[in-house]
Amino acid sequence: MPMPESVTENAQPFHRRRVAFVLLPGFSLLAHACALEPLQVANQLSGQLLYQTITIGLSESPVRSGAELSLNTQHALGEPHGPLDMVLVCAPAPLPYALPPRLNEWLREQQGRKACLGGLAGGTEVLARCGLLENYRATLPWQRFETFRQAYPQVALSRQLFEMDRDRVTCGGGTAAMDMMLTLIASHHGARLAEQVSEHFVCDRIRLADERQHVPLKNRLGHAPQSLIDAVTLMEANIEEPLSTLELAEHLGISRRQLERLFKKYVQSVPSRYYLDLRLTEARRQLRESDSPVGDIALSTGFSSGAHFSTAYRNHFGLTPREERLV
């Protein structure tokens, strides 16, 4: 098929990257596909073999996914496969079995050979079990946050969609794997190619690493009292016309002081600060996902003036709303 002019006309000498996908039993087909397919499409659109991918299993047998479908691998662990630039471990979350010692040894060999190591979904737990994420930022599916945090306190756990920290990359699985790989493609071969790959998959935009995984409200607040959950639900339902702390308390049938104590105890914040964070996060989403004027976004997130909105946004995110649009 003909190549897009913007890619072929500006083709530059490139370093062909060899990427290995290590598939463990129960791995997510979605996470695997979302990481693999962008690399294949980048090759197709560029007209060059930018990424050579291989699949590796623990043995020569096909690997059964969590969806009960099996994939054949090209290599068994330990077989000769040549040098690798990146190793992405695909595993279920949680991991329901012990890891074979030879996997730990093999991953450490790849680290010694300067390969970037990554985890897709439960692959993050594999790297952590092998001691390969100490003092690194990492993320994984939100359902595993608290268990992982307690088991691996030496890992700087993030709630973001994906993390890229030096020679480690991790993501929350699912479609977050695609955003991570598109970001890697952009860093390797330019933003235009990454955008074209994104367009190929009919993605509205490439989500950025600093975007948090969407965690259901009850899971975010854990075992918090129902009054606190109801308060946050009211906040999320009243972004455009924010309620005061007193109004929130009255709706809930508790005192303002009781509401403030609940927020301090369970979310380490005061209600007004938590509410402002919600509104600014919604404003950031609109700035990134829509073409609405900044003034309209300010009004839709409860700010009475553009100047107030700009100041609050800069104080929270470190850049103005207009600068956000340029990122």
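Residues numbered from 1 in each chain as written. Predicted model: local features only at pLDDT ≥ 70, side-chain atom pairs only at ≥ 80, totals over all residues. Heavy atoms only, no water.

Draft legend 1. Looking closely at the overall build of the protein chain. Along the protein chain, the regular secondary structure elements total 15 helices and 11 strands. Contacts in the protein chain between residues far apart in sequence, at least 24 positions, make up 64% of those at least 6 positions apart. Accessible surface for the protein chain amounts to roughly 16400 Å². Of this, 50% is attributable to carbon and sulfur atoms. (Helix = DSSP H or I, 4+ residues; strand = E, 2+ residues; numbered from the N terminus. Contact = heavy atoms within 4.5 Å. Areas by Shrake-Rupley, 256 points an atom, 1.4 Å probe, with all protein chains shown as cover.)

Draft legend 2. Representation of the pattern of salt bridges in the model. Under the defined criterion, the tally for this structure stands at 16 salt bridges. The shortest N-O distance in the salt bridge between Glu260 and Arg256 comes to 3.1 Å. On the criterion of helical spacing, the pair formed by Glu260 and Arg256 is a turn pair, its members being 4 residues apart in helix 11 (residues 256–267). Among the ionic pairs, Glu282 bridges to Arg285, the shortest N-O distance being 2.7 Å. (Salt bridge = Lys/Arg side-chain N within 4 Å of Asp/Glu carboxyl O.)

Draft legend 3. Representation of the sheet that holds strand 7 (residues 116–121) in the model. The strand order across the open sheet formed by 7 strands is 5-2-1-6-7-11-10, and the pairing between neighbours is mixed. Each end of this open sheet is capped by a strand with a single partner; those strands are strand 5 (75–76) and strand 10 (162–165). Alignment of strand 1 (residues 17–23) against strand 6 (residues 86–91), held across 5 bridges, turns out to be parallel. Bridge pairing in strand 6 links Val22 to Val89. Strands in contact with helix 2 (residues 29–46) are strand 1, strand 2 (51–57), strand 6 and strand 7; relative to strand 2, the strand with the most contacts, it is inclined by about 150°. (Pairing = 2+ DSSP bridges. Axes fitted to C-alpha atoms, helices over the stretch in contact; angles between N-to-C directions.)

Draft legend 4. Broad picture of the packing of helix 2 against helix 6 (residues 176–189). Running from N to C, helix 2 and helix 6 cross one another at 30°; their axes reach a closest spacing of 8 Å. Between helix 2 and helix 6, the angle falls in the class roughly parallel. Of the two elements, helix 2 crosses helix 6, and the hand of that crossing is right-handed. Between helix 2, through Ala31, Cys34, Ala35, Pro38, Leu39 and Ala42, and helix 6, the contact on the second element is made entirely by Ala177, Met178, Met181, Leu182 and Ile185. Across the contact of helix 2 with helix 6, the residue classes tally to 11 nonpolar, no polar and no charged. (Parallel < 35°, antiparallel > 145°, perpendicular 65-115°, else oblique. Left-handed = near helix turned anticlockwise from the far one by under 90°. Nonpolar A, V, L, I, M, F, W, Y, C, P; charged D, E, K, R; others polar.)

Draft legend 5. Geometry of the environment of Leu132. Inspection of the secondary structure assignment puts Leu132 in the loop between helix 4 (123–129) and strand 8 (137–138). Residue classification places Leu132 among the buried residues on the basis of a relative accessible area of 2%. Here the alpha-carbon distance between Leu132 and Arg108, two residues 24 residues apart in the chain, equals 7.9 Å. (Buried < 20%, exposed > 50% of the residue type's maximum accessible area, 1.4 Å probe, protein only.)

Draft legend 6. Structural detail: the environment of Ser227. For Ser227, the position within the fold is in helix 9 (residues 226–237). Classification of Ser227 as partly exposed rests on a relative accessible area of 25%. Between the alpha carbons of Ser227 and Ala249 there is a distance of 9.2 Å; along the sequence they are 22 residues apart. If sequence neighbours within four positions are ignored, Ser227 has contacts with Leu252, Ile254 and Leu262.

Remember that the coordinates give geometry; whether it matters functionally is a separate question.
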